[in-house]
Amino acid sequence: MRLAVAIVLLAVFIVIAARLTPAYFHNHDLKTYIDEVAGSREGATLPVEMLRTRVISRARQLGLPVRGDQVRITRGTAGLSIEIRYAVPVDIYISTVDLHFHPRAGAR
């Protein structure tokens, strides 16, 4: 009986981990992208709205629900700063979990 319970719990853990993991990988890919943009010459010269559009486009390519009002881009004496706050709803069959992310890149 203990073995059966252990196997069921392990299976549940694996299913939940498999459902949650892609959001973390996609967030990492988005963070890598905004790091590249914040440190590039193109990022330093493009208008803020164009940069925002590119960040949102990249997020959509990754399947992340990022809106324009969640992307904050500032230019200061220290350089370009990009900050995003968003949540990804993940259905884990018995419930929906919102994973909250806050990637940042550039000057702070």
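As a reminder, the structure under discussion sits directly above these lines.
Presented here is a report on the structure given in the accompanying data block. These numbers were taken from a predicted model, which means no experiment stands behind them.

Moving on: the environment of Tyr93. Position of Tyr93 among the secondary structure elements: in the loop between strand E3 (86-91) and strand E4 (96-101). For Tyr93, a relative accessible area of 57% translates into the label exposed. Those residues in contact with Tyr93 that sit more than four places away from it in its chain are Val15 and Arg19.

With that out of the way, let us pick up the sheet that holds strand E5 (residues 104-106). Pairing in this open sheet of three strands is antiparallel, and the strands run E1-E2-E5 from one edge to the other. Where the open sheet ends on each side, the last strands, each with one partner, are strand E1 (71-76) and E5. On average, adjacent strands in this sheet sit at an angle of 10° to one another, irrespective of strand direction. Strand contacts of helix H1 (residues 2-39): strand E2 (79-84) and E5, with the helix running at about 20° to E5, the strand carrying the most contacts. Its contacts with the sheet place helix H3 (residues 48-61) against E1 and E2, and it is angled at close to 140° to E1.

About the criteria used
Residue indices begin from 1 for each chain and proceed along its sequence in written order. Totals for whole chains, interfaces and linings use all residues, but because this is a predicted model, local features are given only for residues with pLDDT of at least 70 and pairs of side-chain atoms are given and counted only at 80 or more. The side-chain numbers reported here are obtained from all heavy atoms of the structure, hydrogens and water having been left aside. Numbering of helices and strands starts at the N terminus; helices are DSSP runs of H or I of at least 4 residues and strands are runs of E of at least 2. Partly exposed residues are those whose accessible area sits between 20% and 50% of the maximum for their type, while under 20% is buried and over 50% is exposed, using a 1.4 Å probe and protein chains only. In what follows, residue pairs with any heavy atoms lying within 4.5 Å of each other are defined as contacts. For two strands to count as paired, DSSP must find a minimum of two bridges between them. Here an angle of 0 to 180 degrees is reported between the N-to-C directions of two axes, which are lines fitted to C-alpha atoms, with helices fitted over the stretch in contact.

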